[in-house]
Amino acid sequence: MARVTYTDWTIPVAQIGSRAGQSMEIDREFPAPGGIGDRIVGVDEGAPVRVDGRFDSIVDGLIFTGTVRAPMHAVCIRCDIDLDRDLEQQVTAFFPYEDPAVGKGNGKDGKSQDEEIEVLAGEDEAEDVYPLMDNGAFADIEALLRDTFVDALPMQPLCRPDCKGLCPQCGEDLNEHPEHAHRQADIRFAGLEALKAQLEAEQGAE
Ligand SMILES: [Zn+2]
Ligand SMILES: [Zn+2]
């Protein structure tokens, strides 16, 4: 029998796992697991994650529905400003009974259970499958939290959809100074400017 490791993300659910049709509310904080994003965009490991929802027992396992919310750090890709926001996601996850002896006990054909899970997961991409441990006594939500937040991280975080970014020449924030502009110093005339300066210098030397 596989050794069961209890972590910060194992939730005791034995009270509803005994038969179908029961539910258990949950509303508490968990530490964010590692591996959600990076230093630019992500959720810090150990940051408080609010899990608010319920587990419902069905014949084949448990369904979790609810919301998860965590503080996200990000930097606007245009203006470089720090964005500290909450990342909140709706979650529906399925925790199948791994041991066919638990649940309704149709253990002779474990394959049909797997197929059923595949169908469930395939039909609705929002519904993901996560493990129960210890004969269904605990639900492990570590991977659920990680997957949910990784999927929800913005690819290109913006402080606002129409962020004007920074002046490419001096770095001024164009959101705060929309009229900001530099005197036209066209690159095409840079050579002429240099030639003019050189001629003037030569004339001065005569
Ligand atoms: Zn911005
Ligand atoms: Zn500028």
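What you are looking at is a predicted structure, and each value in this text was computed from that prediction instead of being measured.

Draft legend 1. How the structure looks around the confidence of the model for the chain. Residue-level pLDDT values for the chain average 84, and 80% of them are 70 or greater. Across residues 102-113, where pLDDT falls below 50, the model places 16 contacts with residues more than four positions away in sequence or in other chains. In the model, residues 121-126 has pLDDT below 50 throughout and makes 4 contacts with residues more than four positions away in sequence or in other chains.

Draft legend 2. The sheet that holds strand β8 (residues 138-140), seen in detail. A sheet is described by the order of its strands in space; here 3 strands give the open sequence β1-β8-β7, paired in antiparallel fashion. Each end of this open sheet is capped by a strand with a single partner; those strands are β1 (10-12) and β7 (132-133).

Draft legend 3. Representation of the pairing of strand β5 (residues 82-96). Both strand β4 (residues 61-75) and β5 contribute to a ladder of 15 bridges, which runs antiparallel. Within β5, the residue paired with Phe 64 across the bridge is Ala 93. Hairpin connection, β4 to β5: the antiparallel pair is bridged by 6 residues, and Asp 80 has positive phi, about 75°.

Draft legend 4. Geometry of the pairing of β4. Sheet topology places strand β3 (residues 48-57) next to β4; 8 bridges connect them, and they run antiparallel. Considered in β4, the bridge of Asp 56 is made with Ile 63. Between β3 and β4, which pair antiparallel one after the other, the connecting turn spans 3 residues.

Draft legend 5. Region of the structure containing helix α3 (residues 142-152). Of all the positions in α3, only Leu 144, Leu 145, Thr 148 and Phe 149 are classed as buried. Across the axial projection of α3, the buried residues extend over an arc of 110°, all falling on one side.

Draft legend 6. Geometry of unusual backbone geometry. A positive phi is found at Asp 80, a non-glycine position, where the angle reads about 75°. By secondary structure assignment, the location of Asp 80 is in the loop between β4 and β5.

Cut-offs used in this document
Residues numbered from 1 in each chain as written. Chains lettered and ligands numbered in written order. Predicted model: local features only at pLDDT ≥ 70, side-chain atom pairs only at ≥ 80, totals over all residues. pLDDT = per-residue confidence, 0-100. Contact = placed C-beta atoms within 7 Å. Pairing = 2+ DSSP bridges. Helix = DSSP H or I, 4+ residues; strand = E, 2+ residues; numbered from the N terminus. Buried ≥ 20, exposed ≤ 12 C-beta atoms within 10 Å, placed from the backbone. Arc of directions from axis to C-beta.

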